[in-house]
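Summary of structural features
So the chains spell out like this:
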Amino acid sequence: MSASLSASELKKLDAEHYLHPFSNYQEIKQKGSLVIKKADGVWLWDANGNQILDGMAGLWCVNVGYGRRELADVAHAQMLELPYYNSFFKTSHTPAITLSKALSEITPPQFNHVFFTGSGSESNDTIVRMVRQFWALQGKPEKRTIISRWNAYHGSTMAGASLGGMKPMHQQGGLPIPEIEHISQPFWYRYEGNLDEGEFGKSVAAELEAKINELDVDKVAAFIAEPIQGAGGVIVPPETYWPEISRICKEYGICLIADEVICGFGRTGHWFGSDLYDLEPDFMPIAKGLSSGYLPIGGVMVSDRIAQVFVDSGSEFEHGYTYSGHPAACAVAIENIRILREEKIVENVHDVTGPYLQSRWQELADHPLVGEARGKGFFGALELVTDKASKKALEKPGALGTICRDHSIASGLMMRSVGDSMIISPPLVATKSEIDELINRASQALNLTAKDVL
Ligand code: PMP
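To keep things clear, this report deals only with the structure shown in the data block. (Residues numbered from 1 in each chain as written. Predicted model: local features only at pLDDT ≥ 70, side-chain atom pairs only at ≥ 80, totals over all residues. Heavy atoms only, no water.)

1. Describing the layout of surface pockets
Rolled over the atoms, a probe sized like a water molecule indicates the empty space that remains. Considering only enclosed or pocket space, the second largest pocket measures out at about 990 Å³ in volume. What lines the second largest pocket is a set of 26 residues, among which Ser 87, Val 114, Phe 115, Phe 317 and His 319 lie closest to the centre. Element by element, the count of residues in the lining of the second largest pocket is highest for strand β4 (residues 111-117), at four residues. The residue makeup of the lining of the second largest pocket, split by class, is 13 nonpolar, 10 polar and three charged. (1 Å grid on protein atoms, 1.4 Å probe; cavity = no way out; pocket = protein on both sides within 12 Å on 5 of 7 lines; lining within 4 Å. Points joined across faces, edges and corners; volume = space filled by probe spheres on them. Helix = DSSP H or I, 4+ residues; strand = E, 2+ residues; numbered from the N terminus. Nonpolar A, V, L, I, M, F, W, Y, C, P; charged D, E, K, R; others polar.)

2. Points about the site of the ligand
Close to the ligand lie Ser 119, Gly 120, Ser 121, Asn 124, Tyr 153, His 154, Gly 155, Glu 226, Asp 259, Val 261, Ile 262 and Lys 288. Coverage of the ligand by the protein amounts to 85% of the 400 Å² it exposes when considered alone. Each residue belonging to the shell around the ligand can be placed in one class, and the counts come to three nonpolar, six polar and three charged. (Near = heavy atom within 4 Å. Areas by Shrake-Rupley, 256 points an atom, 1.4 Å probe, with all protein chains shown as cover.)

3. Section: the sheet that holds strand β11 (residues 370-376)
Judged by pairing direction, the sheet is antiparallel, and its four strands sit side by side in the order β11-β12-β15-β14 without closing on themselves. Single-partner strands in this sheet number two, and they are β11 and β14 (416-418). Geometrically, the sheet is characterised by an average inter-axis angle of 25° between neighbouring strands, direction not taken into account. Pairing between β11 and strand β12 (residues 379-384): six bridges, direction antiparallel. By the bridge assignment, Val 370 is partnered in β12 with Leu 384. Helix α14 (residues 345-363) contacts β11, β12 and β15 (421-424) of the sheet and is inclined by roughly 175° relative to β11. (Pairing = 2+ DSSP bridges. Axes fitted to C-alpha atoms, helices over the stretch in contact; angles between N-to-C directions. Contact = heavy atoms within 4.5 Å.)

4. Observations regarding the pairing of β12
The buried count for β12 comes to six of six residues, which makes it a mostly enclosed element. The alternating pattern of β12 places Phe 379, Ala 381 and Glu 383 and Gly 380, Leu 382 and Leu 384 on opposite faces, both of which are buried. Joining the antiparallel neighbours β11 and β12 is a turn of two residues, in which Gly 377 adopts a positive phi near 55°. The pairing of β12 with β15 spans four bridges and is antiparallel. Bridge pairing in β15 links Leu 382 to Met 422. (Buried < 20%, exposed > 50% of the residue type's maximum accessible area, 1.4 Å probe, protein only.)

5. Details of the nonpolar core
Most often, soluble globular proteins keep nonpolar side chains buried together rather than apart. Counting 86 residues, the largest nonpolar core has Leu 103, Phe 223 and Phe 265 as the members making the most contacts within it. Tallying contributions element by element places helix α13 (residues 327-342) first for this core, with seven residues. Non-local contacts of Phe 265, meaning those with residues more than four positions away in its chain, are made with Asn 63, Leu 103, Ile 106, Trp 271, Phe 272, Ile 286, Ala 287, Gly 289, Leu 290, Ile 337, Leu 340 and Leu 428. (Core = buried A, V, L, I, M, F, W, Y, C linked by side-chain atoms within 4.5 Å.)

6. What to know about the pattern of salt bridges
This model, assessed by the stated rule, comprises 22 salt bridges. A salt bridge links Glu 70 to Arg 68; its shortest N-O distance comes to 2.6 Å. Of the charged contacts, one joins Glu 383 and Arg 374 as a salt bridge, the two residues approaching to 2.8 Å between their closest N and O atoms. The exposure classification of Glu 383 matches that of Arg 374, with both residues buried. (Salt bridge = Lys/Arg side-chain N within 4 Å of Asp/Glu carboxyl O.)

Below, the structure is given as structure tokens:
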């Protein structure tokens, strides 16, 4: 059926039947959505045949790029051999076992155990239950509160969205759930005080210490954060931030949860954001780049000290998903990790293409609409302003970002806007010439936006 439908028929059916995630349904009914038909490498083709450079790696996930036949082949073979079996009630299968072992090899040394899920959100829901149970098993059932940050993104399930610090999400569905607290994010560009960047980083981190003291450490289970905030606008913290957060977590003996759903699997030029910032987390939610998005799979890396408490307890962890450790998804993740390792994709982002992307991205800072260009590895953000001195944009927050995003897609670059920040997170396999093309198209989008607003 699908092959024979025209672009306009697809748009019509889409508007009639499909309720999209994070979308304005009225706008879809009026204007239709962008229908993507196929992809290869870093390139997408829409239903009208337009070729678009995917500056977002799908949704921060297609790390090895599109069109990798090996990933399709292992999924096909696994589906024929064992398409599904669960791992509840002490059952198991080869793909989940093999992937667990591979993950213990590539993650920081304290991680030798994984709990599989279907997504990043499910991973964070799992952690909320697991970290509270960890403390309960040690006779501290009151240690339940998890401290997170405003403007963080940790998923869309009840616990995931509560951990997240997106106020528009909290306004729908009665969130946050109890015993989740938020502190400030380390967003240097938007800081309006007198501290320098290093002092600012420390002062935002100090909010964690103050919050622990305010709540009472006996009530606090953990702190959760993305090493670099992704969906909040690619916010790279000052160098002083993470060392101070690590010190506080250690000193107060609370668990550190490093949300690696975006940062993991090479995005920062390191295997994990925790490697970049030398973090020693107790939990790492993972998803996205784990399978490069080819099949849905997530997981929670659990440190030895936490896992040991669950083993020693002799009781069951009353939690699990039908698709925890799905065989075909695990087979794809194993093959994806093999590709990342054997093709030295993470090393290449670290040594060659990451620095190249960052230096070319910085050139955009000279554009009259760009207040700041920032990034790390294969992450980038541009803060759009109409006046660099005052850092002001248009009257309606996000309006400038939306104009630029529309010009970007029309210029053949999938670049996303978060408020008035333009963000990129391209597939990790993008070559230097594809990076040049990305920069050309981003410049064109900025120039067209400038024509509209300056
Ligand atoms: N954590 C982070 C840091 C994320 O960026 C996301 C998704 N963008 C999630 C969790 C939730 O993952 P999922 O959409 O797979 O549930």
